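For reference, the chains in residue letters:
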Amino acid sequence: MTRFLLCLLFFATTAGTLQAAPVDSLFLGIPAAEMPELDRSARMDLLDFWDSGLEARTPGTFGDTIRLVSRTDSALTLQLADAAVWRIRLLGPGRGVWEREVRLPGRKEAFIRRKDL
């Protein structure tokens, strides 16, 4: 009986921490061919840094610095450079969208590319 209660207590306390946010799984599931600037291990590092309360920043594969600037259960925003922002949003169960926004210096308009996930 004691073993059963200890197991129940363990699963009750760890159930919320073992489950990743839905947007995290979308972010980690983007194929490397679609996101060559940030490999899967670097994406996992960004999420770990954010969870630890550290500055979520990692070097990209092309020599730039990529920062995770905001994260909720349904959205995630990355800053690639002064002019480039990526947003990953959860639209429903298992459905999301990835927006890549680039603003040219001195211009008000932005180029936005969207891809369903």
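The structure we're discussing is the one just above.
Residues numbered from 1 in each chain as written. Predicted model: local features only at pLDDT ≥ 70, side-chain atom pairs only at ≥ 80, totals over all residues. Heavy atoms only, no water.

Asks: Would you explain the packing of aromatic side chains in this entry?
Replies: Pairs of aromatic rings are described using the distance from one ring centre to the other and the angle between the two planes. Applying the stated criterion across every chain yields a total of one aromatic pair. With a centroid separation of 5.4 Å and an interplanar angle of 85°, the aromatic rings of W86 and W98 are classed as edge-to-face. Highlighted residues: W86 in strand β4 (residues 84–92) and W98 in strand β5 (residues 95–103), separated in sequence by 12 residues. Per residue, the accessibility class of W86 equals that of W98, and both read buried. The side chain of R100 reaches across the aromatic face of W98, ending 3.8 Å from its centre. (Phe/Tyr/Trp six-rings, centres within 6.5 Å; stacked < 30°, edge-to-face > 60°. Helix = DSSP H or I, 4+ residues; strand = E, 2+ residues; numbered from the N terminus. Buried < 20%, exposed > 50% of the residue type's maximum accessible area, 1.4 Å probe, protein only. Lys NZ or Arg CZ within 6 Å of the ring centre and 35° of its normal.)

Asks: Sorry, what's going on with the pattern of salt bridges here?
Replies: Opposite charge on two side chains permits pairing when their charged atoms draw close. On inspection of all chains with the given rule, the structure shows eight salt bridges. With its nearest N and O atoms 2.9 Å apart, the salt bridge here joins E101 to R87. Taken together, the residues span a long stretch of sequence, with E101 in strand β5 and R87 in strand β4 at a distance of 14 residues. What makes R87 partly exposed here is its relative accessible area of 27%. A salt bridge links E99 to R89, with the nearest nitrogen and oxygen atoms 2.7 Å apart. Of the two residues, E99 sits in strand β5 while R89 sits in strand β4, which places them 10 residues apart along the sequence. Under the relative-accessibility criterion, E99 is labelled buried at 7%. By relative accessible area, which is 34% here, R89 ends up partly exposed. Beyond isolated ion pairs, a larger network of salt bridges with shared partners links D24, D51 and R71. (Salt bridge = Lys/Arg side-chain N within 4 Å of Asp/Glu carboxyl O.)

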